[in-house]
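Residue-level structural notes
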Amino acid sequence: MTAPPDIVQVALPLPLLQVFSYRVPPEWREAVRPGCRVLVPFGRRHLTGVVVPELPPDPLPSPLKPILDVLDDTPALTDELLRLTRWMADYYVCGWGEVIRAALPPGLEIESRRRLYPGHPPAEPPGERAAAVLRFVAEHPGTTIRRLRQELRFASYALLHRLVARGWLQLEESLEAPRVQIKKEQHVRFAPAYRTPAAQEAVLEKLRGARQRALVTALQALRLEGVAEPTRAELLARADASPATLRRLVELGVLELVEKEVIRSPLEAEPVPKAAPVTFHPEQQAALDRITEAIEARRFETFLLHGVTGSGKTEVYIAALKRVRAQGRTGIILVPEIALTPQTVRRFRAHFGDEVAVLHSRMSDGERYDTWRQLRAGRYPIVIGPRSAVLAPLENLGLIVVDEEHERSYKQFDPAPRYHARDVAVYRAYLNGAVCVLGSATPSLESYLNARSGKYTLLEMRRRAPAVGHTPARLPSVRLVDLRHTRLVNGNPLAPPLARAIAQRLERGEQVILLQNRRGFAPVLECAECGWSPHCPHCSVTLTYHKVQHQLRCHYCGYATRHPGTCRQCGAAALEPLGIGTQRVEEALRALFPEARVLRMDLDTTRGRRAHHRLLDRFARGEADILLGTQMVAKGLDFPRVTLVGVVNADTGLLLPDFRADEHTFQLLMQVAGRAGRADRPGEVLLQTRNPDHRVFRYLLRHDYAGLARELLAERHQLGYPPYARLAVLECSGPDEARVAELARSWTEHFQQVCHQHAGGHLIDTLGPTPALHERLKGRYRYHVLVKVPRRTGAPPLQPLLRQALETFPPLPRAYRLTLDIDPAGLS
DNA sequence: AGCACGCCGACT
DNA sequence: GTCGGCGTGCTC
């Protein structure tokens, strides 16, 4: 045992790439341990930070400020999570404190805030602006300076200080309690002297008031029913008594109140479903055997479980998790978006009952906090959740599953840390000697290459599981509807073949899923005649159209060219912004099939807490014939009566200015295609396209993931894209465009110099700066610099160089910012 | 990210 | 001379 430290390092939730040293007053020496949250003075305010296991810097900054409070008895973060978050901060080039914030439930921070209150009424008339400030504070007493300055832009610190100096305003510094608290409820029980039936009878005779006696008998009755200590509200309702009566009995010493913690959990109320019997087909068994072997050996190993839709990946996860549980170890199951995968959750609950905790994207802060505390206390050995669950406080981890590992929602974008949960999962498994299973029908090329190169172990399941319940046994047939020669009348987005197919299903009483992929907000041009789209000659991405300069630009390398006027392929003067005329699918459906019941599923119709469930349940119960929606309809449940999947415009995804456009489109279309058909009724998939010869469709028709992957990998290799290169995007933003552009340029130069000094310069490419895809967002201009390093041995590690460049770059003007995105998921 | 300070031009 | 706008620098 080493002596308690008198100096500790503290990570603060700020975008600063450093930690800070604090003095520990004697009274806190025993309590302070790495991972504990502490309240510290920082500049003029107070912040909640976390003690991290770092040594103090050698020339100690002086004088040190003291820690003001230790907020945890048990450290909020385990040593393992401290190591993991440290690694993330290094890898994603961000503050350790920022990562730690992502690992803790939101709303726990204590911060000091300076708040404004009205002071004396002014004796002399204040100026116009001063009057406006006083009015605002009178209307919003206790407002923060920040809020006030948002409303009244002219309210400078100088003005506020003047008003405070004259006593017209009061400025108070207050510590804000955490937004989230442990919820407590008052329970009632007999005081110790009255716990025996005899004592209770005696007191009943002594009591005069009928209400008082009613309360005592009600408590006795509840006790007989097994509720020894009912809640206050429960007891009062039962006895039809008032709080005053209860208070009186407490004063008399007959009853006493006890506070109990309440766990806010959305799950407790739901019954545990029954597990369906599981039989494994040979491919499943083989995959499971390989995973089990690593689990039994307690060896770190990452598996890529590549299994077609319906091949039974979830059963493999469950069986692997059972092995891990048998060893007394714990597991994390990551799913892309929990609201869309109720079925997966149900299956895990069926097998593991209340060992499973679920983290939701739609949980309240209170529920989140309670679940986190329970996990931290070891109450649940299993957690299912979206990307943030990779940081769940489980100890003794044996397994991390990343289901649908190719999904982009695993990459966090806004606020920092901009981490990829899949990659963090692999590293966390490594730290724990655990097994990581990445599952997908259409793996990301990153994972696929890692599997081919032997870094991961590739497990393939090519066959669909035999029809158990509703699982389809045959792959659906895929057909293309060539839109090039189909005149769509009056903007009707449904070409005759698709309309006919829908009519047929409606007649037969079968169901239809229509995917209306509307994610095409990029200003990409498409020839309305032939479907051709201008591409960058160097980067294999579509060019975007910029009205002001009448230019086409590449967002990767900055290549720019004039608008060509006519289509290069067919010569028609029909280059139009993508996505025109595809917004009216619902109207068209109602016009064509007035009797059909259509269910819309998009961001607007799925607002509420359980809106997803409700919509999908209604469709599953057959309350609608057609489910129309954005990519949400591709995920979620299997619907046995769906025999047709239609894609209104399969090209939208292909034309996004992203080098992963083909990969993502294939993944989405494969997934939505998997919704069609079952054993007794084969499914059909119709894709409307103007590019029927596109390679994505060529491989899709044959359900040939491996073929497309080979072709895409060859291209990525040639162009130097991931997975053969590591990418980072530096974004420079601010209110003045010329200045943003200039800053981006000078940063690029600075970075190149740093590279030259520390890495010999070669191997590291910078592209740009180029205006971002959405050049102006919320009044700020944004420029991007793309940094590319080949991913082979001998290449310099990128992060230290970026860190070095950021740290040595001269300070930015106010309102201008540099942000980094390591392994970006796409351009934004 | 806050927060404060200090410099400058434009008003009373 | 002050006021108010804005750029600069620091936080253990």
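What counts, and at which threshold
Residues numbered from 1 in each chain as written. Chains lettered and ligands numbered in written order. Predicted model: local features only at pLDDT ≥ 70, side-chain atom pairs only at ≥ 80, totals over all residues. Heavy atoms only, no water. Near = heavy atom within 4 Å. Polar contact = N/O pair within 3.5 Å; in protein donor to acceptor, adjacent residues only side chain to side chain. Nonpolar A, V, L, I, M, F, W, Y, C, P; charged D, E, K, R; others polar. Helix = DSSP H or I, 4+ residues; strand = E, 2+ residues; numbered from the N terminus. Buried < 20%, exposed > 50% of the residue type's maximum accessible area, 1.4 Å probe, protein only. Pairing = 2+ DSSP bridges. Axes fitted to C-alpha atoms, helices over the stretch in contact; angles between N-to-C directions. Contact = heavy atoms within 4.5 Å. Domains from an automatic or database assignment. Phe/Tyr/Trp six-rings, centres within 6.5 Å; stacked < 30°, edge-to-face > 60°. Lys NZ or Arg CZ within 6 Å of the ring centre and 35° of its normal. Parallel < 35°, antiparallel > 145°, perpendicular 65-115°, else oblique. Left-handed = near helix turned anticlockwise from the far one by under 90°.

1. Thoughts on the protein's contact with DNA strand B
Around DNA strand B sit Pro 15, Leu 16, Arg 44, Arg 45, Arg 114, Arg 146, Tyr 157, Arg 814 and Arg 817, and those are all the residues in its vicinity. When the atoms of DNA strand B within 4 Å of the protein are grouped by moiety, sugar and phosphate amount to 70% of the total. Within the contact set of DNA strand B, a phosphate oxygen lies 3.5 Å away from a side-chain nitrogen or oxygen of Arg 44. Residue classes in the surface near DNA strand B are distributed as three nonpolar, no polar and six charged.

2. A short note on unusual backbone geometry
Generally, phi is negative for residues other than glycine and the peptide bonds are trans, each holding for most cases. Across the junction of Ala 416 and Pro 417, the peptide omega takes the value 0°, indicating a cis bond. With respect to the helices and strands, Pro 417 occurs in the loop between β15 (397-403) and α14 (421-432). Phi at Val 93 is positive, roughly 50°, even though this residue is not glycine. Judged by relative accessible area, Val 93 falls into the buried class, the value being 6%. If you check the backbone angles, Ser 540 has positive phi at about 60° while not being a glycine. Within the secondary structure layout, Ser 540 lies in the loop between β20 (525-527) and β21 (544-546). Of the residues examined, Ser 540 reaches a relative accessible area of 30% and is grouped as partly exposed.

3. Some words on the protein's contact with DNA strand C
Ser 21, Phe 42, Lys 65, Arg 129 and Arg 162 are the nearest of the 15 residues found near DNA strand C. Protein-proximal atoms of DNA strand C, defined as those within 4 Å of the protein, fall in sugar or phosphate at a share of 61%. For DNA strand C, a phosphate oxygen lies 3.5 Å from a polar atom in the side chain of Tyr 22. One of the backbone nitrogen or oxygen atoms of Pro 41 is found 3.4 Å away from a phosphate oxygen of DNA strand C.

4. Examining the sheet that holds strand β25 (residues 598-601)
In a beta sheet, neighbouring strands are held together by backbone hydrogen bonds and run either parallel or antiparallel to one another. Taken in spatial order, the six strands of this open sheet run β18-β28-β27-β19-β26-β25, and their pairing is parallel. Two strands close off the open sheet at either side, each with one partner strand: β18 (477-482) and β25. Direction aside, neighbouring strands of the sheet carry axes that sit 20° apart on average. Relative to strand β26 (residues 626-629), β25 is paired through four bridges, and the arrangement is parallel. Across the sheet, the residue bridging to Met 601 is Gly 629, located in β26. Its contacts with the sheet place helix α18 (residues 611-620) against β19 (511-515), β25, β26 and β27 (642-647), and it is angled at close to 155° to β25.

5. Some thoughts on the domain arrangement of chain A
Here chain A is partitioned into domain 1 (7-103), domain 2 (111-176), domain 3 (184-261), domain 4 (282-461), domain 5 (477-522 + 579-715) and domain 6 (725-822). Averaged C-alpha coordinates put domain 3 and domain 6 at centres separated by 68 Å.

6. Considering the pairing of β27
With respect to burial, β27 is a largely interior element, six of its six residues being buried. As defined by bridge partners, β19 adjoins β27 across five bridges and the pair is classed as parallel. Residue Gln 511 lies in a different strand from β27, and its bridge partner there is Val 642. Sheet topology places β27 next to strand β28 (residues 684-689); four bridges connect them, and they run parallel. Within the sheet, the bridge partner assigned to Leu 644 lies in β28 and is Glu 684.

7. Focus on the packing of aromatic side chains
Working definition: an aromatic ring pair is given by the centre-to-centre distance plus the angle between the planes. In the structure shown here, the tally under the stated rule is 12 aromatic pairs. A centroid spacing of 5.5 Å and a plane angle of 75° characterise the contact between Phe 300 and Tyr 430, whose relative ring orientation is edge-to-face. Of this pair, Phe 300 sits in the loop between α10 (282-296) and β11 (301-307) while Tyr 430 sits in helix α14, and the two are 130 residues apart along the sequence. Measuring from centroid to centroid gives 4.4 Å for Phe 659 and Tyr 721, while their planes differ by 5°, and the two rings are stacked. Of this pair, Phe 659 sits in the loop between β27 and α19 (661-673) while Tyr 721 sits in the loop between α21 (705-719) and β29 (725-734), and the two are 62 residues apart along the sequence. Sitting over the face of the ring of Tyr 721, Lys 788 holds its NZ or CZ atom 4.9 Å from the ring centroid.

8. As for the packing of helix α1 (residues 79-91) against helix α2 (residues 96-103)
Their axes nearest at 8 Å, the elements α1 and α2 cross at an angle of 130°. What the angle tells us is that α1 and α2 run oblique. Pair α1 / α2 crosses with right-handed handedness. Listed contacts from α2 to Leu 82, Thr 85, Arg 86, Met 88 and Ala 89 of α1 are Trp 96, Val 99, Ile 100 and Ala 103.

9. Things to note about the environment of Thr 144
As for its position among the elements, Thr 144 is in strand β7 (residues 143-144). Overall, Thr 144 belongs to the buried group, its relative accessible area being 15%. For the pair Thr 144 and Arg 113, spaced 31 residues apart in sequence, the C-alpha separation works out to 7.0 Å. Each residue touching Thr 144, except ones within four places of it in the same chain, is listed here: Arg 113, Arg 114 and Arg 115.

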